[in-house]
Amino acid sequence: MAFNVTLEITDDIAKITLSGELDASAAKVFQEKVEEAAKQDLTKLVLMMQDLEYMASAGLRVLVFSKQKMGSDVDIYVVSPQEMVMDTLEKTGFHHSVIVLDKYDPAQIG
């Protein structure tokens, strides 16, 4: 499945929706969206992952990059990661650096 990424910014919240397979060739596109979001004055970065089927190590590097780029004042939410993606986050310990939510709930994020 092809990779797709979209960015939506509302007030101080950036929402990046990821779908398909985040492999090495797709990681650059994801990183560009993170960099675009980082130019804004944000307090939250929400990564919608319910349709992300696979994430290679290159995708994980972009997640680490996003944490560094956004800074400690920005909370990063990972929403609805599929089992394989969550397994990658857990094996690397990155799930401790983000807030993982089962579903998107603006009340929990806002």
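Residues numbered from 1 in each chain as written. Predicted model: local features only at pLDDT ≥ 70, side-chain atom pairs only at ≥ 80, totals over all residues. Heavy atoms only, no water.

K.L.:
It is not clear to me how the pattern of salt bridges should be interpreted in this structure. Could you clarify?
P.N.:
Close approach of charged atoms lets side chains of opposite charge pair. In total, this model carries one salt bridge according to the counting rule given. Between Lys91 and Asp87 there is a salt bridge, and its shortest N-O distance comes to 3.2 Å. Linking Lys91 with Asp87, this pair stays in helix α3 (residues 83-92), spanning four residues, or about one helical turn. A residue is classified by how much of its surface remains accessible, and Lys91, at 69% relative accessible area, is exposed. (Salt bridge = Lys/Arg side-chain N within 4 Å of Asp/Glu carboxyl O. Helix = DSSP H or I, 4+ residues; strand = E, 2+ residues; numbered from the N terminus. Buried < 20%, exposed > 50% of the residue type's maximum accessible area, 1.4 Å probe, protein only.)

K.L.:
What should I look at first to understand helix α2 (residues 57-70) in this one?
P.N.:
Because an α-helix completes one turn every 3.6 residues, residues spaced three or four positions apart along the sequence face the same direction. The terminal C-alpha atoms of α2 lie 20 Å apart, and with 14 residues this matches the ideal 20 Å at 1.5 Å per residue to within 8%. Every buried residue of α2 is accounted for by Ala58, Gly59, Leu60, Val62, Leu63, Ser66 and Met70. Considering only its buried residues, α2 is in contact with β2 (13-22), α1 (24-38), β3 (44-55), β4 (75-79) and α3. Count one or two residues on from α2 and you reach Gly71, which has phi positive near 90 degrees. (Expected span 1.5 Å × (residues − 1). Contact = heavy atoms within 4.5 Å.)

K.L.:
So what exactly am I meant to see when it comes to the packing of aromatic side chains here?
P.N.:
Ring pairs (aromatic) are described by centroid distance and by the angle formed between their planes. A full pass over the atoms with the stated rule returns zero aromatic pairs. Over the ring of Tyr104 we find Lys15, and its NZ or CZ is 4.6 Å from the ring centre. (Phe/Tyr/Trp six-rings, centres within 6.5 Å; stacked < 30°, edge-to-face > 60°. Lys NZ or Arg CZ within 6 Å of the ring centre and 35° of its normal.)

K.L.:
Whenever I open this one, the environment of Lys44 confuses me. Can you help?
P.N.:
Its location among the elements puts Lys44 in strand β3. On a C-alpha basis, the gap between Lys44 and Asp87 in space is 23 Å, while along the polypeptide they are 43 residues apart.

K.L.:
I tried to follow the sheet that holds β2 on my own but got confused; where do I start?
P.N.:
Within a sheet, adjacent strands bond to each other through the backbone by hydrogen bonds, running parallel or antiparallel. Ordered in space as β1-β2-β3-β4-β5, the five strands form an open sheet in which the pairing is mixed. At either margin of the open sheet sits one strand with a lone partner, and together these are β1 (4-10) and β5 (99-101). Within this sheet the neighbouring strands show an average axis-to-axis angle of 20 degrees, counted without direction. As paired strands, β2 and β3 are joined by nine bridges and run parallel to one another. Counterpart to Glu21 in the pairing with β3 is Tyr54. Packed on one face of the sheet, α2 meets β2, β3 and β4 and runs near 180 degrees to β3. Each of β3, β4 and β5 is contacted by α3, which is oriented at about 115 degrees to β3, the strand it contacts most. (Pairing = 2+ DSSP bridges. Axes fitted to C-alpha atoms, helices over the stretch in contact; angles between N-to-C directions.)

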